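# Structural description and commentary
Spelled out from the first residue to the last, the chains are:
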Amino acid sequence: MQWQSLSLFATPVIKMEIEDHEKVKAFFFEKINNKVEAATVKKQDSNITHFFSDTNVFNVYPELDWLREKIEEAATFAYCELLNFKKSKDLKITNAWFNLCEVGGVQVRHSHANCRLSGTLYLNTDQNTHIRFMHPLSCSSMHTEIFDQATQDPNPYGLKFHLPYFDVDVQAGDCLFWPSQVNHGYDANKTPDRLSLSFNLMPQHLNTVYQIY
Ligand SMILES: [Fe+2]
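Attention here is on the structure that accompanies the text.

Definitions and limits used
Residues numbered from 1 in each chain as written. Predicted model: local features only at pLDDT ≥ 70, side-chain atom pairs only at ≥ 80, totals over all residues. Heavy atoms only, no water. Salt bridge = Lys/Arg side-chain N within 4 Å of Asp/Glu carboxyl O. Helix = DSSP H or I, 4+ residues; strand = E, 2+ residues; numbered from the N terminus. Buried < 20%, exposed > 50% of the residue type's maximum accessible area, 1.4 Å probe, protein only. Contact = heavy atoms within 4.5 Å. Core = buried A, V, L, I, M, F, W, Y, C linked by side-chain atoms within 4.5 Å. Donors = N, O, S within 2.8 Å, 3.2 Å for Na, K, Ca; no water. Expected span 1.5 Å × (residues − 1).

Attention shifts here to the pattern of salt bridges. Counting across every chain of the model gives six salt bridges. Close ionic contact of K15 with D174 constitutes a salt bridge, the shortest N to O distance being 3.6 Å. Placement of K15 in strand β1 (residues 14-17) and of D174 in strand β9 (residues 174-179) is noted, with a sequence separation of 159 residues between them. Residue classification places K15 among the partly exposed positions, given a relative accessible area of 41%. On the accessibility criterion, D174 (2% relative accessible area) is buried.

The structure is reproduced here in structure tokens:
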């Protein structure tokens, strides 16, 4: 039987390296250990804590301006050059927060609103650390949908259309960027003190018309 499969509309997750991430890890652990920002702590459950999730951690700590610049430079390259939004100009971080997750913690599936690009810089990891990205077509929608479940065995033709998600392994210094509407999360965490910095970004221009910054 003759057949051809067209893999249309890929979902990008871009990985870049951020140097000097060890300094950031030490900085955040020092803040956590000294409990200096207790008012900013949001506990999702007993195992996951978000710091500054209702503000922008870069506005709180000017010592991290160098990191903001590095992330915005990397994001601008990813968005304008790799994803081809060449008219949108520089990306700016609109909010950023850091996350501490203990063993057993679960980050429920979610996406980020009011932004174009989102990302995470991983700071404390081990061989088990990962993030799960959901297939856009596997997420529930607002319209009526007939659901069917594909066998999760490897496809004999090497195709991967049946996979509802991908787990991406990450290590300290990895900085991932993805379109903000892509659903993501992770199952029971196996990494003690899993530490990461997450952020949302918007471009300077939208659709060549709207000037945001
Ligand atoms: Fe997220």
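That was the structure; now back to the text.
For the rest of this paragraph, the subject is the environment of P164. With respect to the helices and strands, the residue P164 is situated in the loop between β7 (130-134) and β8 (165-169). Take P164: its relative accessible area is 26%, and that puts it in the partly exposed class. Put simply, P164 and G119 are 45 residues apart on the chain and 21 Å apart in space, counted from C-alpha to C-alpha. Setting aside residues up to four positions removed in sequence, P164 forms contacts with F133, M134, H135, S138 and Q152.

Before going further, it helps to spend a moment on the nonpolar core. One finds F28, F177, L197 and F199 to be the most contacted residues of the largest nonpolar core, which totals 35 residues. Those elements that place two or more of their residues in this core are β1, α1 (21-34), α2 (57-60), α3 (65-82), β4 (91-101), β6 (117-124), β9 and β11 (194-203). For this core, the leading source of residues is α3, giving seven residues. Excluding its chain neighbours within four sequence positions, the residues that come into contact with F199 are I71, I93, N95, A96, W97, L117, S118, G119, T120, L121, C175 and F177. Core analysis: the second largest hydrophobic core is formed by seven residues, Y122, V170, L176 and W178 among them.

Think of it this way: four donors in a tetrahedron around the metal ideally sit 109.5 degrees apart, and six in an octahedron ideally sit 90 or 180 degrees apart. Only H110 (NE2), H112 (NE2) and H184 (NE2) from the protein coordinate the iron ion, and they sit 2.1 to 2.2 Å from it. On the primary sequence, the residues serving as donors to the iron ion are separated as H-x1-H-x71-H. Pair noted here: H110 is in strand β5 (residues 107-110) and H184 is in strand β10 (residues 184-186), with a separation of 74 residues, a long-range link.

On to α1. Over its 14 residues, α1 extends 20 Å from the first C-alpha to the last, a length consistent with the 20 Å expected when each residue adds 1.5 Å. As for α1, its buried residues are in contact with β3 (48-51), α2, α3, β4, β6 and β11. Directly after α1, the chain includes K35, whose backbone phi takes a positive value near 50 degrees.

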